[in-house]
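Spelled out, the chains give:
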Amino acid sequence: MIKEIAVIGAGGNMGCWFSRYFNNKGIGISVYDIKPASMKCSSNTIIYENIANCVQGADLVLVCVPTKTTPLMIHECASKMKPGAILAEISSVKQQTSMALKKISSKIKPLCIHPMFGPGRKDLKQMKILLIPVRNEENELKILNEIFEEAIVVVIPNAKIHDELIGVVLGLTHYINMVFAGTISKQDLSYLRDVTGTTFEIQSLLAASIMTEEPDLLISLLLENQSVKKHIQNYLSESNKVARLIFNENDLDLKTKYLKTRSILQQHQNLESSYKRMYQIVEKLRDYKGTRIIPEGKTQEVNKD
């Protein structure tokens, strides 16, 4: 039974989120961050000035530091933890962190996880957490389900496959939206806001939300995951093919390409259902009392008609 949890990197967005999450469940929380002033802790949270004191009595140590420093932090925490404790990390790139977990003492239980949500989430209902097995998939899955019983757990076979998938799901998505945000930032945003339609509203909202990410997280997603470059190259190749058809005014081949792509997507998802879901999302956003979504990613108070 987990009675005490230590969060390393509690001053970061996700470290702070998990500290609040476990605190709300009545579990004792010990926290550490290299920048103590960045931590926003509740009154019943114990703040430590060094890692050793923070982790030595914990049943679970959760490492929430930048990906680049996670392997070193895993080693440092594991050397100070009590036998039988759980050492978990939440980095978005897994090959190095998974290897680091495999090297820790057999007396420490490793947990290699990736929460697929951001710090804006209020709870874990219907939220995904990826599990990358380190030593014993069955045992690690059981531990994860006990810790986060509300979440949907998805097991990824190994760190290499995880990084390949995340290279698309997060890396490529962040790249595309960063480019899109950079492009529209050169336009008259207030004018665009006045004429925006459903598609642009959704796309600009997504781009704006991504631009709220911590720079270190964005950099790790784009630079530390080696598969991202390959996916960006494929994206640029595909983009250039479509651009050439447009610039050459080749309407026949452009239509053929569009229909072929639509046909492939239709095999994996119901496009009509996706279209309806998009409008449902927009309607819910517009029904949100007194708030209007604008491209800059800010909110503006409005009067509902």
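Residues numbered from 1 in each chain as written. Predicted model: local features only at pLDDT ≥ 70, side-chain atom pairs only at ≥ 80, totals over all residues. Heavy atoms only, no water.

Asker: Describe the overall build of the protein, listing the residues and the values that go with them.
Answerer: Broken down by element type, the protein carries twelve helices and ten strands. Relative to its full complement of 305 residues, the protein shows a buried share of 39%. In the protein, of all internal contacts separated by at least 6 residues, the share reaching a separation of at least 24 is 61%. As displayed, the protein has an accessible area near 18400 Å², and 54% of this comes from carbon and sulfur atoms. Within the protein, the 32 negative side-chain charges are centred at a point lying 3 Å from the centre of the 38 positive side-chain charges. (Helix = DSSP H or I, 4+ residues; strand = E, 2+ residues; numbered from the N terminus. Buried < 20%, exposed > 50% of the residue type's maximum accessible area, 1.4 Å probe, protein only. Contact = heavy atoms within 4.5 Å. Areas by Shrake-Rupley, 256 points an atom, 1.4 Å probe, with all protein chains shown as cover. Lys, Arg positive; Asp, Glu negative; His and termini not counted. Charge placed at Lys NZ, Arg CZ, Asp CG, Glu CD.)

Asker: So, the side chain of S220: which residues are in play, and what are the values?
Answerer: Within the element layout of this structure, S220 appears in helix α9 (residues 215-224). A polar side-chain atom of S220 sits 2.8 Å from the main-chain carbonyl oxygen of L217. (Polar contact = N/O pair within 3.5 Å; in protein donor to acceptor, adjacent residues only side chain to side chain.)

Asker: Just give me the short version of the packing of helix α6 (residues 159-184) against helix α10 (residues 227-247), but keep the residues and values in it.
Answerer: At a closest axis distance of 8 Å, the pairing of α6 and α10 adopts a crossing angle of 55°. Regarding the angle of α6 to α10, the classification is oblique. When the axes of α6 and α10 are compared, the crossing they make is right-handed. Between α6 and α10, the contacting residues are D163, E164, G167, V168, G171, L172, Y175 and I176 on the first element and S227, V228, K230, H231, I232, Y235 and L236 on the second. For the contact of α6 with α10, the class distribution of residues is eight nonpolar, four polar and three charged. (Axes fitted to C-alpha atoms, helices over the stretch in contact; angles between N-to-C directions. Parallel < 35°, antiparallel > 145°, perpendicular 65-115°, else oblique. Left-handed = near helix turned anticlockwise from the far one by under 90°. Nonpolar A, V, L, I, M, F, W, Y, C, P; charged D, E, K, R; others polar.)

Asker: Outline the pattern of salt bridges, listing residues and values.
Answerer: Once the charged atoms of two side chains with opposite charge are near each other, the side chains can pair. If you walk through the whole model with that rule in mind, you get six salt bridges. Measuring nitrogen to oxygen at the nearest pair gives 3.2 Å for the salt bridge that ties D123 to R121. Residues K257 and E238 are paired through a salt bridge, measuring 2.8 Å at the closest nitrogen-oxygen approach. Of this pair, K257 sits in helix α11 (residues 251-266) while E238 sits in helix α10, and the two are 19 residues apart along the sequence. (Salt bridge = Lys/Arg side-chain N within 4 Å of Asp/Glu carboxyl O.)

Asker: Give a detailed account of helix α1 (residues 13-24), specifying residues and quantitative values.
Answerer: Taking 1.5 Å of rise per residue, the twelve residues of α1 would be expected to cover 16 Å, and the 17 Å separating its terminal C-alpha atoms lies within 8% of that figure. Counting buried positions along α1 gives nine out of twelve residues, so the element sits mostly inside the fold. Buried residues of α1: M14, G15, C16, W17, F18, S19, Y21, F22 and N23, and no others. On its buried side, α1 packs onto β1 (4-8), β2 (28-32), β3 (45-47), β4 (60-63), β6 (109-115) and α5 (137-147). Two residues or fewer after α1 comes G26, characterised by a positive phi angle close to 80°. (Expected span 1.5 Å × (residues − 1).)

Asker: Tell me about the sheet that holds β4, and name the residues and values.
Answerer: In space, the eight strands of this open sheet follow the order β3-β2-β1-β4-β5-β6-β7-β8, with mixed pairing throughout. Each edge of the sheet is formed by a strand with only one pairing partner; in this case those strands are β3 and β8 (152-155). The sheet shows a mean angle of 25° between the axes of neighbouring strands, direction not considered. α5 contacts β4, β5 (86-89), β6, β7 (128-131) and β8 of the sheet and is inclined by roughly 60° relative to β6. (Pairing = 2+ DSSP bridges.)

Asker: Go over the confidence of the model for the protein with me, naming the residues and quoting the values.
Answerer: Low-confidence regions, as indicated by low pLDDT, have predicted coordinates that should not be scrutinised in detail. In this model, the protein carries an average pLDDT of 89, and 92% of its residues clear a pLDDT of 70 or more. Below a pLDDT of 50 lies the segment residues 289-305, which in the model reaches 31 contacts outside its immediate sequence neighbourhood of four places, other chains included. (pLDDT = per-residue confidence, 0-100.)

Asker: Any details on the nonpolar core? Residues and values, ideally.
Answerer: In this structure, F18, F22, L111 and F148 are the most contacted members of the largest nonpolar core, which totals 31 residues. Where this core is concerned, the elements lending two or more residues are β1, α1, β2, β4, β5, β6, β7 and α5. The element contributing the most residues to this core is α1, with five residues. Not counting the four nearest positions on each side in its chain, L111 is found in contact with I86, L87, A88, E89, L101, L131, E140, I143, L144 and I147. In terms of nonpolar packing, the next biggest core, distinct from the first, is built from 30 residues, V63, M73, I108 and L221 among them. (Core = buried A, V, L, I, M, F, W, Y, C linked by side-chain atoms within 4.5 Å.)

Asker: Outline the side chain of H231, supporting the account with residue identities and numerical values.
Answerer: Take H231: it is sitting in helix α10. Within the structure, H231 has its side chain in polar contact with the side chain of E164 (distance 3.3 Å). Ignoring sequence-local partners within four residues, the contact set of H231 consists of E164, G167, V168 and L172.

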